[in-house]
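Structure at a glance
Here is what each chain is made of, one letter per residue.
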Amino acid sequence: MKMDRFPRYVGLFLIGVAMAVGAAGCSDDGDENDGTSPAGTWIVSYTVQNTATILFQSGESTWHINADGTTENKSGNGGTWTLAGDAITIIWNGGYTYTGTFAGNKMSGDISQNGRRIGGWSASRQ
């Protein structure tokens, strides 16, 4: 091999290594999809008003909606979710039910407890 071709071969080798490493870094972890599934990480804003206990709370939370029909938040609370068309239902183990609509990177709807509406929510996919 002539020495004037050596840098070119090294350059091609390094490009090949970079492409291989980049391809290996791609994985299907369930967070990325084509917008037809709510699986992924969401930032949720909510407002709860429960007049029976005079509770009023607004806030923001992070939800992890898993492709297997389960969900969890950053506090470690879990639950389940179902999707029928664009209607989503998320039932948290703590007794709160979030119903609403799902459209790609947005969700919103009502919060209920014991069958009574107590607030509203909206979420954006991260």
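So, a few notes on the structure that sits alongside this text. The shown structure was predicted, so the numbers you read here are calculated from the model rather than taken from an experiment.

Thresholds applied
Residues numbered from 1 in each chain as written. Predicted model: local features only at pLDDT ≥ 70, side-chain atom pairs only at ≥ 80, totals over all residues. Heavy atoms only, no water. Phe/Tyr/Trp six-rings, centres within 6.5 Å; stacked < 30°, edge-to-face > 60°. Helix = DSSP H or I, 4+ residues; strand = E, 2+ residues; numbered from the N terminus. Buried < 20%, exposed > 50% of the residue type's maximum accessible area, 1.4 Å probe, protein only. Contact = heavy atoms within 4.5 Å.

Counted by the stated rule, this structure contains five aromatic pairs. Judged by centre distance (5.6 Å) and plane angle (70 degrees), the rings of Tyr 98 and Trp 121 are edge-to-face. Of this pair, Tyr 98 sits in strand E6 (residues 96-103) while Trp 121 sits in strand E8 (residues 116-125), and the two are 23 residues apart along the sequence. The class for Trp 121 is buried, based on a relative accessible area of 4%. Chaining the aromatic ring pairs together yields one cluster made of Trp 63, Trp 92, Tyr 98 and Trp 121.

So, about the side chain of Thr 62. Along the chain, the position of Thr 62 falls in strand E2 (residues 55-65). Apart from residues lying up to four places away in sequence, Thr 62 is in contact with Thr 41, Trp 42, Ile 43, Glu 72, Asn 73 and Lys 74.

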